[in-house]
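# Structure assessment
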Protein chains: 2
Amino acid sequence: MEKLLRYAAGSSGPEVMKQTAGLPMETEWVPLMSLPGRILAEDVYCGNPVPGFHRSTVDGYAVQSRDTGGASESLPVFLKVIGEVEMGKAAEMTVGPGECVYVPTGGMVPAGADAMVMVEYCEGFGTPLHGSGLNVSEQNGSGLNGGRQAGAVAAGGGAGAGTAPACLQMAVSCSVSAGANLVMAGDDMAEGQRVLQRGRRIRPADLGVLSAIGRTEALVYQPWKLSILSTGDEIVAPDRVPGPGQVRDVNTYGLYGQALEYGFQVVRMEVVCDDPAELEAKAASAMADSDLVVLSGGSSQGKKDATAEIIKNLASSGVLTHGLAVKPGKPTILGFDEVQRTALIGLPGHPVAALILFREIVGGLWERLTGMSETEKKPAMAGIITVNLAASPGRKTLQLVTVDDSSCDPMTGLPLVTPVWGKSGLIHTMSQADGYIVMEVNDEGVQKGTQVEVHLL
Amino acid sequence: MEKLLRYAAGSSGPEVMKQTAGLPMETEWVPLMSLPGRILAEDVYCGNPVPGFHRSTVDGYAVQSRDTGGASESLPVFLKVIGEVEMGKAAEMTVGPGECVYVPTGGMVPAGADAMVMVEYCEGFGTPLHGSGLNVSEQNGSGLNGGRQAGAVAAGGGAGAGTAPACLQMAVSCSVSAGANLVMAGDDMAEGQRVLQRGRRIRPADLGVLSAIGRTEALVYQPWKLSILSTGDEIVAPDRVPGPGQVRDVNTYGLYGQALEYGFQVVRMEVVCDDPAELEAKAASAMADSDLVVLSGGSSQGKKDATAEIIKNLASSGVLTHGLAVKPGKPTILGFDEVQRTALIGLPGHPVAALILFREIVGGLWERLTGMSETEKKPAMAGIITVNLAASPGRKTLQLVTVDDSSCDPMTGLPLVTPVWGKSGLIHTMSQADGYIVMEVNDEGVQKGTQVEVHLL
């Protein structure tokens, strides 16, 4: 939206903002497995602390850290093994002074203990009370025998968690401080902590966060419903052979792909012939089930006038801005209908302009209204421009570029950025580009060797 | 794969490469609308040239450029208007010396003409032969009256394309060179030109390229089928309340999300208790319908040994590499079964390690085997590290970081990169990070203020 305002500055900028803020931002509850890529419509808080208990991060022995003070390989301290904790079970014993308990990685650290000593620094002595203990350990894979000193630690826990301590002394050859080798309850996520923020695009790790706090669904924004109406007597479907003067449809499919990048739902794609009355009828009917109706028109003056007239007729607020100070993309027309809360957007026929302007305007609105933070938006990267580029006076200029990762600028180490030249309206030009750079209205251009920000396509 | 080799260097690197190259890379034909994000398995060539004819990029008059030599506002040249081209129709007339033809933006430039003069530089004089011509122009919106001089150009074409020239003189006040304001046939895509390359991740503009050349489907790689088996007696489902010593499942969902980022198909997700026999049985049955079986085990030594044993039993080639020189993620185990052509991957239980290693190893294999170019891979960006970071001796080190877009390094203009510290295995740590940096085995670390490459999450 800021983007939109920048383009429309001087024309009806504030009006555009006021009006399009009325676009519907409905929300829905979506199950965990369908969340990737969706945009959170709620702040997510942690209920109970994660983990819910002090958890060991190593295979080893839970101890009172002060017992290990000064312990070394040449001068170990001897602790009494009072038991073993099983994975997924409560540690029911309490570690007292001079005592220790075996805990596998991920296991619950018993009360009384404030640190873990890795099994590598422990060597056992003595005879276990129960010979059966060893077998139990092997069967449940709890790892007592997995350490380097496996042979030496010739004892296991009893039949259950926290029961039947093996009668064994443990020589500990390492001093640990309080909190060593364990995660405290709530260390990952504390009770009441906000763990994910509204406007967040759900990433893989976020699924882990949600599952960890027991959220099997989350409130996300419903994708906008879009209709794409392309006009042109010269346009034929991709599966047809164009006759003389005809071309296959490019914009409908390009815009469809662009819409999918934002997760929008394309409810209608249609090519309409150059009959203003028919286009108006199709647009009116599309408004009934769409949040946005995109009219991808030709770039001839007659078509531009027809699109403006249609938007004027259909939008209760009329045409909000007619023409943006941007190159390419000047003939972009915006309208908003407050009754049906539908935005009408007339994009230029020029495919490169249509696709980039869709991103900048429709994508920009979406990012603004979902409250997306900078890091959630489409990635941009820094590079060094290899030529001088002139800006268009009085217009924001968008320039397609390629990014050459293989040859870096020797000074900055940044990749080299080269403009993709191409005559107006060539879709292959855009397909070859990695991104585009933006020269602001008041920029004189960019100088060869300076740093530019590339918006990746 | 290079990544994999770098990790496994010194152990069974070449063996890993040889074996896993046997992973199935099946292809399938997919219709245009389902292509976004898929990876091309073919080079795509253009059949007939696009556009198929010389096409005007402006509203104006098709001329022989030499006729306009020296034309200016004070000394225009006068050309005879011999007709008008309609959008989507053949231009059947031929422009001779001293003649011109109206062509709207996107219309076909007639034979004989080699340039277009924008309507802004044209002013008409004289009386049309057919009064009806004007109405035809208005009805079909072809734009004759759309120019600045609309009032002056008080005439239109005849009833059809290339017929009934208006008897009109046009004053042209601008000199154009050959090729001005038009796109030549094949300028966008030439006959036989390779327009998209194998390994390409289909982007919005590519849909436009495919539709423009009449491709309604393309050959892409079938996504790998994945099974994710997480083991742990301590793991409960997200909808359950964990008891003492229990935690909710994190890795299954995180890995599921990570798999979706590569477009993989997750055919099975299961939590298996710590019983090696049961895990082996589940893994064996998963191999039947999966290209990869991911075993997300605990990090205790007993579990690691059990996973290695299972992979050894199930994979005809046995364990290819047991342990990678990477931190976190050392206990990663790889095996390959040539009979079923299934890879078996034992990932560490540590969720951060599991998710990043999945990306680096499974994602890396996918990028390698699809022939993906650097620009198609997950984006990386440059930044300036704000603290000194030590590498782990003899191990490649992966460090989670945040990227601060709002405060740039004053010297380079690059965003500031700050490590996300966190105890081992905290999923929220990863969720808070924007990406990670890699310190190679032989790096001593990175110094505060130097440039780093951030792999975005």
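Structure: see above.
Presented here is a report on the structure given in the accompanying data block. (Residues numbered from 1 in each chain as written. Chains lettered and ligands numbered in written order. Predicted model: local features only at pLDDT ≥ 70, side-chain atom pairs only at ≥ 80, totals over all residues. Heavy atoms only, no water.)

Tracing the backbone through its elements, the reader meets His428 of chain B in helix H9 (residues 427-432). Look at His428 of chain B and you get buried, because its relative accessible area is 4%. Leaving out residues up to four positions away in the same chain, His428 of chain B has contacts with Asp188, Met189, Gln193, Val195 and Val209 of chain A. (Helix = DSSP H or I, 4+ residues; strand = E, 2+ residues; numbered from the N terminus. Buried < 20%, exposed > 50% of the residue type's maximum accessible area, 1.4 Å probe, protein only. Contact = heavy atoms within 4.5 Å.)

So, about the interface of chain B and chain A. In this complex, chain B contributes 94 residues to the contact, which on the side of chain A involves 95 residues. When chain B packs against chain A, close to 7000 Å² is buried across both sides, 61% of that on carbon and sulfur atoms. Among the residues chain B hides against chain A, the three largest losses belong to Met33, Pro204 and His428 of chain B. Together they make up 9% of the total. Joining chain B to chain A, the criterion identifies two salt bridges. Here chain B and chain A share 22 residue pairs in polar contact (both at pLDDT 80 or more) between them. With eight residues, helix H4 (residues 204-212) of chain B is the largest single contributor of residues to the side of chain B that touches chain A. (Buried area = accessible area lost by both parts, 1.4 Å probe. Salt bridge = Lys/Arg side-chain N within 4 Å of Asp/Glu carboxyl O. Polar contact = N/O pair within 3.5 Å; in protein donor to acceptor, adjacent residues only side chain to side chain.)

In this section: the relation of the copies chain B and chain A. Aligned on chain A, chain B shows an RMSD of 0.0 Å; the corresponding rotation is 180 degrees and the shift along the axis is 0.0 Å. The operation mapping one copy onto its partner corresponds to a two-fold rotation axis. Taking C-alpha positions as the reference, the residue of chain B nearest the rotation axis is Met381 of chain B, at 2.8 Å. (Least-squares fit on C-alpha atoms with pLDDT ≥ 70 in both.)

On to the packing of aromatic side chains, then. Counted by the stated rule, this structure contains 16 aromatic pairs over all chains. With a centroid separation of 5.6 Å and an interplanar angle of 20 degrees, the aromatic rings of Tyr262 of chain B and Phe264 of chain B are classed as stacked. Look at Tyr262 of chain B and you get buried, because its relative accessible area is 9%. Site record: aromatic cluster; members linked through ring pairs are Tyr221, Trp224, Tyr262, Phe264, Phe358 and Trp366 of chain A. (Phe/Tyr/Trp six-rings, centres within 6.5 Å; stacked < 30°, edge-to-face > 60°.)

This next bit is on the pattern of salt bridges. All names here are of chain A. On inspection of all chains with the given rule, the structure shows 16 salt bridges over all chains. A salt bridge links Lys396 to Glu440; the shortest N-O distance between them is 3.1 Å. Taken as a pair, Lys396 in strand S24 (residues 396-408) and Glu440 in the loop between strand S26 (435-439) and strand S27 (445-446) lie far apart in primary sequence, 44 residues in all. Relative accessible area serves as the criterion here: at 28%, Glu440 is assigned to the partly exposed category.

What follows is about the sheet that holds strand S8 (residues 122-125) of chain A. Residue and element names in this part refer to chain A. Strand order across the open sheet formed by six strands is S7-S4-S6-S5-S9-S8, with mixed pairing between neighbours. Each edge of the sheet is formed by a strand with only one pairing partner; in this case those strands are strand S7 (115-118) and S8. Direction aside, the axes of adjacent strands within the sheet are offset by 40 degrees on average. Sheet topology places strand S4 (residues 60-63) next to strand S6 (residues 99-103); three bridges connect them, and they run antiparallel. Residue Ala62 lies in a different strand from S6, and its bridge partner there is Val101. (Pairing = 2+ DSSP bridges. Axes fitted to C-alpha atoms, helices over the stretch in contact; angles between N-to-C directions.)

Before going further, it helps to examine the environment of Val339 of chain B. On the secondary structure map, Val339 of chain B appears in the loop between strand S20 (333-337) and strand S21 (342-347). Through-space distance from the C-alpha of Val339 of chain B to that of Gly243 of chain B is 42 Å; in sequence the pair is 96 residues apart.

Quick look at the environment of Thr375 of chain A now. Relative to the helices and strands, Thr375 of chain A is located in the loop between helix H8 (351-369) and strand S22 (380-385). Linking Thr375 of chain A and Ile437 of chain A, residues 62 residues apart in sequence, is a C-alpha distance of 18 Å. Apart from the residues lying within four places of it in its own chain, the contact partners of Thr375 of chain A are Val403, Asp405 and Asp434 of chain B.

Residues and elements named next belong to chain B. Within strand S22 (residues 380-385), six of the six residues are buried, which leaves it mostly tucked inside the rest of the structure. The pairing of S22 with strand S28 (residues 451-456) spans five bridges and is antiparallel. Paired with Ile384 across the strands is Gln451, a residue of S28. In the sheet, S22 pairs with strand S25 (residues 415-419) via two bridges, with the strands oriented parallel.

Let's shift gears to the sheet that holds strand S13 (residues 225-231) of chain B. Either a parallel or an antiparallel arrangement is found when strands of a sheet pair, and the pairing is made through backbone hydrogen bonds. All names here are of chain B. Ordered in space as S16-S13-S17-S21-S20-S18, the six strands form an open sheet in which the pairing is mixed. The open sheet has two free edges, formed respectively by strand S16 (265-272) and strand S18 (319-322), since each of these has just one partner strand. Strand-to-strand twist across the sheet, computed as the mean angle between neighbouring axes with direction ignored, equals 15 degrees. One ladder, built from five bridges, connects S20 with S21; its direction is antiparallel. Among the inter-strand pairings, Leu334 is bridged to a residue of S21, identified as Ile345. Each of S13, S16, strand S17 (292-296) and S21 is contacted by helix H5 (residues 251-261), which is oriented at about 170 degrees to S16, the strand it contacts most. Along the sheet, helix H7 (residues 301-314) makes contact with S13, S17, S18, S20 and S21, crossing S20 at roughly 15 degrees.

Let us look at the pairing of strand S9 (residues 168-172) of chain A. Consecutive side chains of a regular strand alternate in pointing toward one face of the sheet and then the other. All names here are of chain A. Among the five residues that make up S9, four are buried, leaving the element largely enclosed by the rest of the structure. Sheet topology note: the strand S5 (residues 77-84)/S9 ladder contains five bridges and is antiparallel. Within S9, the position partnered with Lys80 by the bridge is Gln169.

Attention now moves to the nonpolar core. Core analysis: the biggest nonpolar cluster contains 64 residues, and Leu35 and Met189 of chain A together with Trp224, Leu226, Phe264, Phe358 and Leu400 of chain B have the highest contact counts within it. A total of eleven residues in this core trace back to one element, the largest contributor, which is helix H8 (residues 351-369) of chain B. The residues contacting Met189 of chain A, other than those within four sequence positions of it, are Cys46, Pro49, Val50, Val195, Val209, Ala212 and Ile213 of chain A together with Ile427 and His428 of chain B. The next biggest cluster of nonpolar side chains, apart from the first, holds 63 residues, and it includes Leu219, Ile356 and Leu369 of chain A together with Val30 of chain B. (Core = buried A, V, L, I, M, F, W, Y, C linked by side-chain atoms within 4.5 Å.)

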